[in-house]
Amino acid sequence: MSSKSSSNNNNETKVTTKVPKEYKQALKRAKNYSNVMYMSKAEISKQLKSSYSINATKYALKHLKVDYNQNALKKAQEYAESQNMSQQAIHNQLITKNTFSVKQAQYAVDNLKADFNYNALVTAKKYQRDLGFSPAKIREVLISDDNESFTPAQADYAIEHLND
């Protein structure tokens, strides 16, 4: 796995290590998971373990240069824009589904630039259109921790603008 070559000048010994192809492939895949899918370290590890050896997975994770706070923030932005989620729902999703740490999820929601009034309104209109909910029922669902987890103020904004 390693080869040594000695240099005559200054009696230096140079050690070079040949990295196995599987390790390089695992690192390349890990970079893709991070840069394209914004995965957490735990999620990247899980994905790698399904295709690579434990040692290749460890190598990839050790050599992967990534800011997991930024990955959490980018994933949070996706949820805010594509699913119109509330700040609390995004926080929960980052932890439970995406396996980011509580600290990483908090960083993401603290730094997320999203219009949660707009997200509440879009969500409210879906409940009205698709399920025929009354404004009172929509507000109840919007603020429920078991459902959408919007703040009461965001839910009030949505109800106020429901028919705009």
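Shown above is the structure to which this text applies.
Residues numbered from 1 in each chain as written. Predicted model: local features only at pLDDT ≥ 70, side-chain atom pairs only at ≥ 80, totals over all residues. Heavy atoms only, no water.

Asks: Sorry if this is basic, but what is going on with helix α8 (residues 135-143) here?
Replies: Working note: α-helix, 3.6 residues per turn, so residues spaced by three or four point in the same direction. Burial in α8 covers these residues: I138, V141 and L142. For α8, the angular spread of the buried residues around the axis is 100 degrees, confining them to a single face. For α8, the elements touching its buried residues are α7 (116-131) and α9 (152-160). (Buried < 20%, exposed > 50% of the residue type's maximum accessible area, 1.4 Å probe, protein only. Helix = DSSP H or I, 4+ residues; strand = E, 2+ residues; numbered from the N terminus. Arc of directions from axis to C-beta. Contact = heavy atoms within 4.5 Å.)

Asks: Can you walk me through the packing of helix α4 (residues 68-82) against helix α5 (residues 87-96) in this structure?
Replies: For any two helices packed against each other, the geometry is given by the interaxial angle and the distance between the axes. Viewed as axis vectors pointing N to C, α4 and α5 meet at an angle of 130 degrees, and their least axial separation amounts to 10 Å. Comparing their axes, α5 and α4 come out oblique. For the element pair α4 and α5, the recorded crossing hand is right-handed. In contact with A72, K75, A76, Y79 and A80 of α4, α5 contributes I90, Q93 and L94. A breakdown of the residues in the contact of α4 with α5 according to their chemical character gives 6 nonpolar, 1 polar and 1 charged. (Axes fitted to C-alpha atoms, helices over the stretch in contact; angles between N-to-C directions. Parallel < 35°, antiparallel > 145°, perpendicular 65-115°, else oblique. Left-handed = near helix turned anticlockwise from the far one by under 90°. Nonpolar A, V, L, I, M, F, W, Y, C, P; charged D, E, K, R; others polar.)

Asks: In this structure, what is going on with unusual backbone geometry? I would like to understand it.
Replies: The phi angle of most residues is negative, glycine excepted, and most peptide bonds adopt the trans form. One non-glycine residue with positive phi stands out, namely N84, at about 50 degrees. By secondary structure assignment, the location of N84 is in the loop between α4 and α5. Given a relative accessible area of 8%, N84 falls into the buried group. Positive phi values are uncommon outside glycine, yet S149 reaches one of about 65 degrees. The class for S149 is buried, based on a relative accessible area of 8%.

Asks: Looking at this structure, how should I read the packing of aromatic side chains?
Replies: The description of an aromatic ring pair uses the distance of the two centres, along with the angle that the planes make with each other. Scanning the model with the defined rule gives 2 aromatic pairs in all. Judged by centre distance (5.5 Å) and plane angle (10 degrees), the rings of Y127 and F133 are stacked. Under the relative-accessibility criterion, Y127 is labelled buried at 14%. Residue class for F133 comes out partly exposed when judged on its relative accessible area of 24%. Here K137 stacks its cationic end above the ring of F133, 5.9 Å away from the centre of that ring. (Phe/Tyr/Trp six-rings, centres within 6.5 Å; stacked < 30°, edge-to-face > 60°. Lys NZ or Arg CZ within 6 Å of the ring centre and 35° of its normal.)

Asks: Help me understand the pattern of salt bridges in this model?
Replies: Pairs can form between side chains of opposite charge once their charged atoms are near each other. Per the counting criterion, the structure on display carries 4 salt bridges. A salt bridge links R139 to D156, with the shortest nitrogen-to-oxygen separation between them at 2.5 Å. Here R139 is found in helix α8, whereas its partner D156 is found in helix α9, with 17 residues between them in sequence. The exposure class of D156 is partly exposed, given its relative accessible area of 37%. (Salt bridge = Lys/Arg side-chain N within 4 Å of Asp/Glu carboxyl O.)

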